[in-house]
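A look at the structure
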Amino acid sequence: MTEPHPTVFVVDDDAAVRKSLVRLLKSAGYHAESFASADEFIECRKRNSLPGCALVDIQMPGIDGLQLQRELINSTHEIPIIFITGYGDIPSSVKAMKAGAVDFFSKPFNDDDLLRAIREAIQRDQRERSERAERVSLAARLATLTPREREVLDLVVRGLLNKQIAAALGASEKTIKIHRGRVMAKMKAPSVADLVRAAEKIGTPPGSPPPPDR
Amino acid sequence: MPTARLERWGKLFFLLCFLILVFNGPWVGVNNAQVRLQTGLETKSILLLHSFEGNAPIFLETDNGLSGRLLSGGISRQNMFFESLDLRRNPGPEHRKLLVEQMRMRYGHRKLDLIITMYPEALEFVLKDCGDLLPGIPIIALYLPQRIDVPEKNRRITAHFPTLDIIGTLELALKLVPGAKRLYVVSGAHEVDKRVEDQARRDLKKWEPQLEVLYLSHMPLADILTAISSAPPDSIILLLGFSSDVAGNNQTSPEVAQQLSRVSKAPIFGILDVALGNGIAGGSLLSFKIVGDQAGERALEVLGGAKNPEITPDVLVVPSLPMFDWRQLKRWNLSESALPEGSRIINREFTLWDLKYYIIAALVFVLAQSLLILMLLAQKRRRKSAEGSLRQKTDELDRFFSVTLDLLCIANTEGYFLRLNPAWEKVLGYSRKELMANRFWSFVHPDDLAGTQEAVSKLASQRELIHFENRYRCKDGTDRLLEWTAAPAGELIYAAARDITERMEAEVEDRQRRDELAHLARISTMGELAGALAHEINQPLSAIMSNAQAAKRYLEAPNPDMGEVKEILRDIVKEDARAGEVINRLRTLLKKSKTELEPLDLNSVFQETIGLLHSDAVIRDVKVTTELDPWISCVRGDRVQLQQVALNLILNAFEAMNEQSRGEKRVLIRTWQKGAEVLAAVADSGGGLPAEETEKIFKPFYTTKPQGLGMGLSISRSIINRHQGRIWVENNPDRGATFFMSLPVPADEGIVSRK
């Protein structure tokens, strides 16, 4: 893997807690970086989105943990988050988990549990990162398609036959066949099943609404 | 002023009275002095000889007039010799002989300057029987019959022939009893009496035709009285002399007059004044006393060396005087207007008119005296009323002294009570006697003794009011706290004490109750903060845990980095201490503690509180900033209570911003000093307060929070009040409100820098 070594990002306003967490993580062989506030962390993520996970205290002055989570989800710097809290209230934890937190720990916590969660988070990050990378390459491939090819791809993914597509697009079946072959090649899909899976991964491609009046 | 004028009149009046006394006294004195005109007669000796018994009225009266005149003329009583020859009862020659012997014995060795004889028998005795014994001594011979021969040789003899004015008496009697038909002449049968009766028979001759004159001297007295008793009222009874009656019973004219008066139905007249006052109405009377007086006068002349008169024999004439008995005149209803001018009247019962001058004088005197008495009474009353008002005031003071609940006393600087009011007994249980028997500091609580003695010595040396407190031990062993005010006056101390034991107990109780309330409020606040506080403790605990686990992992590694482990352990200790500090603060705040004032830095109070509220601020997403002036002075206060106030103010600020969106919740805490005040302000960025609530929110049970007790600010205010400070709230110009508190800087506190 060309991926750099994963980092655990510790975000806590309490310096002592921060320091102890970094220490614990290092003792377990992780690379750890600490931030005193959510802002600092967001700034850092903006500069580079290193792999790893974040260990975030929910209660922080300024932007708190849950807000940070929301901001990261909405950015391209998404990273799995494990929440820690000194004030373990259920509504916060539910909110955090629903928003996709890896885990939620009340201070003080067991190191094994935390490290397991860290591990899991890093794996999830790796998975997500590869998925994300795949999505990015698929999207890049998708971007190479002509608009006609996009229409064909769309209809192929919907499971229409060449003849049906030709009818829908008002072209000959032969032409459609050629477009389909080009799409398969551009998308580097060995089979229609692969093409469908790739299309699913990138979601409904933008700018491909069904033709309005055909 | 009327009182002053009254007093001036009073003085004048006293002066008048004094003058009356001064001038009255000498009048008496002048009279006495006038008597002593003649001098050089003290050595003259006079012999008075009564022919008969000395107690005969004629002699007594004559002696009386005579000795009065002689004494006033300067003759010594020592040199007056009275002898009664008693020749009537002892007519024989034997007696005469013995008398001569007696005279020789008594007067042979004496030098006599004058002899006064009464009745011819005595004159004869001197001249014949004592011719060689008492030779040449001048004689005044009283009561001689007209016909007697008075020898003119060898010595000077002044003769007195009494004139019995029988004619005059009858004339007067007829004037008073104009229609009288009968005249009863009462007379004795003695020789002397006979002489008088003889004269009467001659003198009365001329009335024989109109008056039936009855002479009664031939009857014994009893018969005379019977005769008189049957005399008709229009008769006149004339009493002449009465030495003895025909039966030979010796009598005196006054006695006979009395007896006559008792039985007579007609007025009795007489010729001798000895009968006057004994029943006779009066007459032209011969007064023996006047005879004596005149004889005395003549005797003084003789003794004084008056020359022998040209006429011989030397004669003393004493006329009869019209004299009457007023009572008898009234008895017989005889007209006073018929009396001749110059009549002497005895026994007069004076009418008011007669006494008018006396009465007026008496009235003036009585009036003056009454006035004097009135003045004195007025003065007395004034004094009395002054005394009364004084007494009343004293009584009032005494009453206040008795009823007051305070302890009042007068003591001396020796340490003894001199006077105590009853309140002492009530408060201390000792009797006043017990309290006064010992020095008062023996009742003072031993710990307060020094202070009390200092107060007493201060009182002894300076003359101002002082205040102090001490405890007195009661009889039952309990102590009473007394608050004193005392002022010195010479050697005395006037002091009032108030028993403030109950008040102080109540204050202590009150303080305890307030402390308890504050404590409960703190507990309640802590309860609300439980979550945040748990977080505050969790932070170091969590750091410790992580550090410890990291250390464990390092140590499990094949080549442990001991330097790292050491650093971890140091951090663990630090974090443990941090947790411990939070717990300590909590414990302090939760502890039930008494108010303890100490000098403290208000900044540190706020810093500690902010530290405690850190987690809560984080949870609430409140940004807390501080502007604490490090140069403010120390204040005196109770750290826990002031932290409680800070806690309340900051929490209130937090809660005031619940409705604000994230990132807009800001609290600014400032401290600064202004003059002798240290101020703190907690400003929030909330919605502010309605103007009318800025005062209400400090009232108990006033709350705007659904779960609030409404005690926080009320307790804060009571705490600040107890620190002599102020607490108030103002709305900020832009948004939110600011709570201010100010505390006084103690006079001796300097500026301290922040630690």
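Our subject is the structure that appears above.
Residues numbered from 1 in each chain as written. Chains lettered and ligands numbered in written order. Predicted model: local features only at pLDDT ≥ 70, side-chain atom pairs only at ≥ 80, totals over all residues. Heavy atoms only, no water.

1. Describing the overall build of chain B
Using the following cut-off: Helix and strand definitions here come from DSSP, where helices need a minimum of 4 consecutive H or I residues and strands a minimum of 2 consecutive E residues; each element is numbered from the N-terminal end. Per-residue accessibility, obtained with a 1.4 Å probe over protein chains only, is compared with the maximum for each type, and a residue is labelled buried under 20%, exposed over 50%, and partly exposed between these values.
Tallying secondary structure elements over chain B gives 22 helices and 25 strands in all. Within the span of chain B, comprising 755 residues, buried residues form 46% of the whole.

2. Some remarks on the overall build of chain A
Under the convention used in this document: In this description, contact between two residues means that some pair of their heavy atoms is separated by no more than 4.5 Å. Where accessible areas are quoted, they stem from the Shrake-Rupley method and a 1.4 Å probe; at the residue level, only the protein chains shown are allowed to cover.
Check the secondary structure of chain A and you find nine helices and five strands. Reading the secondary structure of chain A in the N-to-C direction produces β-α-β-α-β-α-β-α-β-α-α-α-α-α. Buried positions account for 45% of the 214 residues belonging to chain A. Considering only contacts within chain A whose residues lie at least 6 apart along the sequence, 64% involve residues at least 24 apart. Surface summary for chain A: the accessible area is close to 10600 Å², and the carbon and sulfur share equals 53%.

3. Remarks on the side chain of Asp245 of chain B
Residue and element names in this part refer to chain B. Note the following rule: Charged-residue counts in this description rest on Lys and Arg as positive and Asp and Glu as negative, His and the chain ends being excluded. Every case where a carboxyl oxygen of Asp or Glu lies within 4 Å of a side-chain nitrogen of Lys or Arg is listed as a salt bridge. The term polar contact refers here to a pair of N or O atoms within 3.5 Å; inside protein, the definition further demands a hydrogen-donor-capable atom paired with an acceptor-capable atom, and it admits residues adjacent in sequence only when both atoms are side-chain atoms.
The topology assignment puts Asp245 in the loop between strand 8 (235–239) and helix 8 (253–263). For Asp245, which is buried and forms no salt bridge, the nearest opposite charge comes from Arg88, at a distance of 10 Å. A polar contact of 3.1 Å, which involves the side chain of Asp245, links it to the backbone nitrogen of Leu221. If we skip the residues at most four places from it in the chain, Asp245 touches Ala189, Met219, Pro220 and Leu221.

4. So, the pairing of strand 2 (residues 80–84) of chain B
Residues and elements named next belong to chain B. Operational definition: Here, a strand pair is defined by DSSP locating no fewer than two bridges between the strands. Handedness of a crossover is defined as follows: with both strands directed away from the viewer, a clockwise route from the first strand across the helix to the second makes it right-handed.
Pairing geometry for strand 1 (residues 46–50) and strand 2, over five bridges, is parallel. Bridging across to strand 2, His50 finds its partner in Ser84. Read as a crossover between parallel neighbours, the route from strand 1 over helix 2 (residues 57–72) to strand 2 is right-handed.

5. Some words on the sheet that holds strand 1 of chain B
Residue and element names in this part refer to chain B. Defined as follows: Geometry is summarised by axes, namely lines fitted to C-alpha atoms with helices restricted to the contacting stretch, and by angles between N-to-C directions that run from 0 to 180 degrees.
As summarised here, the arrangement of the six strands in space is 2-1-3-4-5-11, forming an open sheet in which the pairing is parallel. The strands lining the two open edges of the sheet, one partner per strand, are strand 2 and strand 11 (314–316). With strand direction ignored, the average angle separating the axes of adjacent strands in the sheet is 20°. With three bridges joining them, strand 4 (residues 139–142) and strand 5 (residues 157–160) adopt parallel strand pairing. Bridge pairing in strand 5 places Ala141 opposite Ala159.

6. A closer look at the pairing of strand 15 (residues 417–420) of chain B
Residue and element names in this part refer to chain B. With three bridges joining them, strand 14 (residues 407–412) and strand 15 adopt antiparallel strand pairing. In the strand pairing of strand 15, Cys409 is matched with Leu420. Where strand 14 folds back on strand 15, the antiparallel hairpin that results is connected by four residues, among which Gly415 adopts a positive phi of roughly 105°.

7. Some words on the nonpolar core
Residue and element names in this part refer to chain B. Note the cut-off: Put simply, buried Ala, Val, Leu, Ile, Met, Phe, Trp, Tyr and Cys residues joined by side-chain atoms within 4.5 Å make one nonpolar core.
In terms of nonpolar packing, the biggest core is built from 87 residues, with Leu134 and Leu204 touching the most fellow members. Tallying contributions element by element places helix 9 (residues 288–303) first for this core, with eight residues. Setting aside its immediate chain neighbours within four residues, Leu204 contacts Ile166, Leu170, Leu183, Val185, Val213, Tyr215 and Leu238. Core analysis: the second largest hydrophobic core is formed by 52 residues, Leu600, Val635, Val640 and Val682 among them.

8. Here's the deal with the interface of chain A and chain B
Going by this rule: Buried area, as used here, totals the accessible surface that two parts lose on assembly, with accessibility defined by a 1.4 Å probe and the loss added over both.
Each side of the interface is counted separately: chain A has 29 residues, and chain B has 27 residues. Buried surface at the junction of chain A and chain B, both sides included, amounts to about 2200 Å², of which 50% is carbon and sulfur. At the boundary of chain A with chain B, the tally comes to eight salt bridges. Two residues, Arg578 of chain B and Asp14 of chain A, come together in a salt bridge whose shortest N-O distance is 2.4 Å. Here chain A and chain B share 13 residue pairs in polar contact (both at pLDDT 80 or more) between them. Counting residues per element, the ones that place at least two in the side of chain A that touches chain B are helix 1 (15–27) and helix 5 (111–144) of chain A. Considering every element that reaches the side of chain A that touches chain B, the biggest residue donor is helix 1 of chain A, with nine residues.

9. Here's the deal with the packing of helix 1 of chain A against helix 5 of chain A
Residues and elements named next belong to chain A. Put simply, the rule is: Each angle gets one of four labels, with under 35 degrees taken as roughly parallel, over 145 as roughly antiparallel, 65 to 115 as roughly perpendicular, and the rest as oblique. Only Asp, Glu, Lys and Arg are considered charged in this grouping, and only Ala, Val, Leu, Ile, Met, Phe, Trp, Tyr, Cys and Pro are considered nonpolar; every other residue, Gly among them, is considered polar.
Look at helix 1 against helix 5: their axes get within 11 Å of each other, and the N-to-C directions meet at 75°. Comparing the axis directions of helix 1 and helix 5 gives the class roughly perpendicular. Together, Leu21, Leu24 and Leu25 of helix 1 and Asp111, Leu114, Leu115 and Ile118 of helix 5 make up the contact between the two elements. Classifying every residue of the contact of helix 1 with helix 5 gives six nonpolar, no polar and one charged.

This is a description of form; function is not addressed.
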